[in-house]
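Here are the chains, one letter per residue:
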Amino acid sequence: AQSVAQPEDQVNVAEGNPLTVKCTYSVSGNPYLFWYVQYPNRGLQFLLKYITGDNLVKGSYGFEAEFNKSQTSFHLKKPSALVSDSALYFCAVISRTDSWGKLQFGAGTQVVVTP
Amino acid sequence: DAGVTQSPTHLIKTRGQQVTLRCSPKSGHDTVSWYQQALGQGPQFIFQYYEEEERQRGNFPDRFSGHQFPNYSSELNVNALLLGDSALYLCASSSPGTASGEQYFGPGTRLTVT
């Protein structure tokens, strides 16, 4: 069965420190990979995606993610976290055999950035 | 340029009732997907509409049905509501032929079933 795992329910980091949110997947082939962020009482906002090419993908708000095929991981990173980065982060995949783009999400990781 | 809009924002229904949720896609998008996000969980795919037809469906019972109109807006209908249907229902829109493209989400409708 295909799955997306976010092993940490919550990540705590001090403002200015590096932020990493982990994601691993178990999907046949090389899926498309996404990160979304959700603020309280808001819908999901797209951060970045990996389709092909360079394993390091740069996205919105200073976030980047590293695709590692051998470890089937797609970890989200930010060099210097801000208090405003506190939110719920979701990793998601779309199978390359899917013509219509059904997103399969992980359970989410709550990021708390303290001043 | 309006993004994805959903109505209503909140809804309270009684078990056994029926509910209709509405979604207008982002301008230029003609594909609409619906997701259910239970408390503390990631969104789960319900179904997707394109050209007024259901193109793909997740593991949801037939109580969940939908419709897409010629203007690309969409409705999600849930019959015979159960307590377990309480969740945030998210609508997402995207451009055609872009399975790898990002989906734009609306703010969601919070459904509470009592």
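All figures in this text were calculated on a predicted structure; none of them were measured in a lab. (Residues numbered from 1 in each chain as written. Chains lettered and ligands numbered in written order. Predicted model: local features only at pLDDT ≥ 70, side-chain atom pairs only at ≥ 80, totals over all residues. Heavy atoms only, no water.)

**Re the interface of chain A and chain B**
A common way to report how large an interface is uses the accessible area buried once the components associate.
(1) Moving on: Taken together, the contact pairs 22 residues of chain A with 21 residues of chain B.
(2) Moving on: Among the residues chain A hides against chain B, the three largest losses belong to A:Leu44, A:Trp100 and A:Lys102. Together they make up 34% of the total.
(3) Moving on: Note that B:Glu102 and A:Lys49 form a salt bridge whose closest N and O atoms lie 3.0 Å from each other.
(4) Moving on: The tally of links from chain A across to chain B stands at five residue pairs in polar contact (both at pLDDT 80 or more).
(5) Moving on: For the side of chain A that touches chain B, the secondary structure elements donating two or more residues are strand 5 (32-38), strand 6 (44-50) and strand 10 (87-94) of chain A.
(6) Moving on: The greatest single-element share of the side of chain A that touches chain B, amounting to four residues, is contributed by strand 5 of chain A. (Contact = heavy atoms within 4.5 Å. Buried area = accessible area lost by both parts, 1.4 Å probe. Salt bridge = Lys/Arg side-chain N within 4 Å of Asp/Glu carboxyl O. Polar contact = N/O pair within 3.5 Å; in protein donor to acceptor, adjacent residues only side chain to side chain. Helix = DSSP H or I, 4+ residues; strand = E, 2+ residues; numbered from the N terminus.)

**Things to note about the environment of B:Glu53**
Residue and element names in this part refer to chain B.
(1) Moving on: Along the chain, the position of Glu53 falls in strand 6 (residues 53-57).
(2) Moving on: Glu53 sits in the partly exposed class, given a relative accessible area of 45%.
(3) Moving on: For the pair Glu53 and Gln18, spaced 35 residues apart in sequence, the C-alpha separation works out to 22 Å. (Buried < 20%, exposed > 50% of the residue type's maximum accessible area, 1.4 Å probe, protein only.)

**Section: the state of the cysteines**
In a disulfide, the sulfur atoms of two cysteines are covalently bonded to one another.
(1) Moving on: The full count for this structure, using the stated rule, is two disulfides over all chains.
(2) Moving on: With its sulfur 2.0 Å from that of its partner, A:Cys23 forms a disulfide with A:Cys91. Between A:Cys23 and A:Cys91, the disulfide has an S-S torsion of -65 degrees and is therefore left-handed. Of the two residues, A:Cys23 sits in the loop between strand 3 (19-21) and strand 4 (24-26) while A:Cys91 sits in strand 10, which places them 68 residues apart along the sequence.
(3) Moving on: Its relative accessible area of 0% is what places A:Cys91 among the buried residues.
(4) Moving on: The disulfide that involves B:Cys23 links it to B:Cys91, with 1.8 Å between the sulfurs. Measuring handedness by torsion sign, the sulfur bridge of B:Cys23 and B:Cys91 sits at about -55 degrees and is left-handed. Here B:Cys91 lies in strand 9 (residues 87-94) and B:Cys23 lies in strand 3 (residues 19-24), a separation of 68 residues in the sequence. Accessibility classification places B:Cys23 together with B:Cys91 in one group, the buried group. (Disulfide = S-S within 2.5 Å.)

**A word on the environment of A:Pro40**
(1) Moving on: Tracing the backbone through its elements, the reader meets A:Pro40 in the loop between strand 5 and strand 6.
(2) Moving on: A relative accessible area of 65% places A:Pro40 in the exposed class.

**Here we look at the pattern of salt bridges**
All names here are of chain A.
(1) Moving on: Within this structure, the stated rule accounts for eight salt bridges over all chains.
(2) Moving on: We note a salt bridge from Lys77 to Glu66, for which the minimum N-O separation is 3.1 Å. Of the two residues, Lys77 is situated in strand 9 (residues 73-78) and Glu66 in strand 8 (residues 64-68); the sequence distance between them amounts to eleven residues.
(3) Moving on: With relative accessibility at 28%, the residue Lys77 sits in the partly exposed group.
(4) Moving on: Given a relative accessible area of 38%, Glu66 falls into the partly exposed group.

**Some words on the sheet that holds strand 3 of chain B**
Residues and elements named next belong to chain B.
(1) Moving on: Reading across from one edge, 1-3-8-7 is the order of the four strands in this open sheet, with antiparallel pairing throughout. Among the strands making up the open sheet, the edge pair consists of strand 1 (5-7) and strand 7 (64-68). Mean inter-strand twist for the sheet, computed between neighbouring axes without regard to direction, equals 20 degrees.
(2) Moving on: With five bridges joining them, strand 7 and strand 8 (residues 74-78) adopt antiparallel strand pairing. When the sheet's bridge partners are listed, Gln68 is paired in strand 8 with Ser74. (Pairing = 2+ DSSP bridges. Axes fitted to C-alpha atoms, helices over the stretch in contact; angles between N-to-C directions.)

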